[in-house]
Amino acid sequence: MDYKKFVYEQKKRDKALKAKSSQVVVKEIRFGPQTDEHDYEFKRKNAEKFLKEGAKLKAFVFFKGRSIIYKDQGQILLLRLATDLEEFGKVEAMPVLEGKRMIMFIAPKKKK
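Residues numbered from 1 in each chain as written. Predicted model: local features only at pLDDT ≥ 70, side-chain atom pairs only at ≥ 80, totals over all residues. Heavy atoms only, no water.

- By the naming in an unreviewed UniProt entry, the protein chain is Translation initiation factor IF-3, taken from Flavobacterium johnsoniae.
- Heading Sequence similarities (unreviewed entry) of the UniProt record for the protein chain holds this comment: "Belongs to the IF-3 family." (UniProt positions renumbered as here; feature names shortened; annotations may be inferred.)

Shown next as structure tokens:
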């Protein structure tokens, strides 16, 4: 009988801890190395919305075929996004090339 009471208390504590924890949501935004100005602005507004909601942002530039020669343009694009979203989020990881993707993470700023 004592053991059953212990198991019950343990389950109760686990449930309370689970209710207090928050799940991290990661939203993705995909660019091409030669993304047009209007497309960039549209995706920037979506990124802004995601950060305001409290989700982490994974922005990446996808290089198809021979477009890998435009690595510098992809990096400039991601750094520009980071500066535009400076007031809404903080860069967690600078742009890094992994295979055919250049990835950057932005975390939302804490609300006061």
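Having seen the model, we can carry on.
Structural notes on the sheet that holds strand β3 (residues 89–98)
Whenever strands of a sheet pair, they do so through backbone hydrogen bonds, lying parallel or antiparallel.
Moving on, step 1. Across the sheet, four strands lie side by side as β1-β2-β4-β3; this open sheet has mixed pairing. In the strand order of this sheet, the two ends are held by β1 (26–31) and β3, each with one partner. Neighbouring strand axes in the sheet, compared pairwise and without regard to direction, differ in orientation by 15 degrees on average.
Moving on, step 2. In this structure, β1 lies alongside strand β2 (residues 56–62), joined through six bridges in parallel fashion. Bridge assignment links Arg30 to a residue of β2, and that residue is Phe60.
Moving on, step 3. Sitting on the sheet, helix α2 (residues 37–53) is in contact with β1, β2, β3 and β4 (101–108), with an inclination near 170 degrees to β1. (Pairing = 2+ DSSP bridges. Helix = DSSP H or I, 4+ residues; strand = E, 2+ residues; numbered from the N terminus. Axes fitted to C-alpha atoms, helices over the stretch in contact; angles between N-to-C directions. Contact = heavy atoms within 4.5 Å.)

Quick word on the UniProt feature "domain: Translation initiation factor 3 C-terminal" (unreviewed entry) in the protein chain
Moving on, step 1. This chain's UniProt record puts "domain: Translation initiation factor 3 C-terminal" (unreviewed entry) on residues 24–109.
Moving on, step 2. Secondary structure content for residues 24–109 is 36% helix and 36% strand, while the C-alpha to C-alpha distance between its ends is 14 Å.

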